[in-house]
Amino acid sequence: MGLIMLILVGILPGIFALNINTNAGAIAQLAATSNSVIPVLQQQLPGTFLNSQSITDELSNFLKPTGEAKDKTFAALAAKSRTIGNKLAGKTSFKQLSSDELSSLRTDMYLVAGTIG
């Protein structure tokens, strides 16, 4: 039991962490990539708009073992990609984000990467 707790507390959070020392070029590339996929995703279901909570819910539900891609999944991906791009716009370092913004960005990136994967 102690070994399981050590893994959960000591190792697992590192998998989901952002590298605070990421260079400005990589951050700019991430923002540009996030914004470049939006038109492609919106073509899948044009005119679909979701609120912030339904976007997160849609992507979270898709990532469940029983999750299925639905029409709203592409719209949610586009919206979450836009959110990532907006959070990183004009930033040259993750240090310019508050701890709440970093946590939110990490969650957003996890949802998008997991859904696309």
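I will try to describe carefully the structure that is included in this document.

Reading the values: rules and limits
- Residues numbered from 1 in each chain as written.
- Predicted model: local features only at pLDDT ≥ 70, side-chain atom pairs only at ≥ 80, totals over all residues.
- Heavy atoms only, no water.
- Helix = DSSP H or I, 4+ residues; strand = E, 2+ residues; numbered from the N terminus.
- Expected span 1.5 Å × (residues − 1).
- Contact = heavy atoms within 4.5 Å.
- Core = buried A, V, L, I, M, F, W, Y, C linked by side-chain atoms within 4.5 Å.
- Buried < 20%, exposed > 50% of the residue type's maximum accessible area, 1.4 Å probe, protein only.
- Salt bridge = Lys/Arg side-chain N within 4 Å of Asp/Glu carboxyl O.
- Arc of directions from axis to C-beta.

**As for the environment of arginine 82**
Summarising the element assignment, arginine 82 is placed in helix H5 (residues 71-88). Separated by 46 residues in the primary sequence, arginine 82 and serine 36 have C-alpha atoms spaced 9.2 Å apart.

**Remarks on helix H6 (residues 99-116)**
Helix length check: H6 (18 residues) gives 26 Å between terminal C-alpha atoms against 26 Å at 1.5 Å per residue, within 8%. Buried residues along H6 sit against helix H4 (52-63) and H5.

**Concerning the environment of arginine 106**
By the element assignment, arginine 106 lies in helix H6. Here the alpha-carbon distance between arginine 106 and isoleucine 84, two residues 22 residues apart in the chain, equals 9.4 Å.

**Some details on the nonpolar core**
In this structure, Leu59, Leu77, Ile84, Leu88, Phe94, Leu97 and Leu105 are the most contacted members of the largest nonpolar core, which totals 18 residues. Elements represented by at least two residues in this core include exactly helix H2 (24-36), helix H3 (38-44), H4, H5 and H6.

**Digging into the pattern of salt bridges**
Applying the stated rule across the entire model yields 2 salt bridges. Ionic pairing is found between aspartate 108 and lysine 80, a salt bridge with its closest N-O pair at 3.1 Å. Of this pair, aspartate 108 sits in helix H6 while lysine 80 is found in helix H5, placing the two residues 28 residues apart along the sequence. Judged by relative accessible area, aspartate 108 falls into the buried class, the value being 4%. Notably, a salt bridge pairs aspartate 108 with lysine 87, separated by 2.6 Å at the nearest N-O pair.

**Looking at H2**
The end-to-end C-alpha separation of H2 is 18 Å, in line with the 18 Å expected for 13 residues at 1.5 Å each. Within the span of H2, buried status applies to Ile27, Ala31 and Ser34. Buried residues of H2 fall within an arc of 65° about the axis and therefore sit on the same side.

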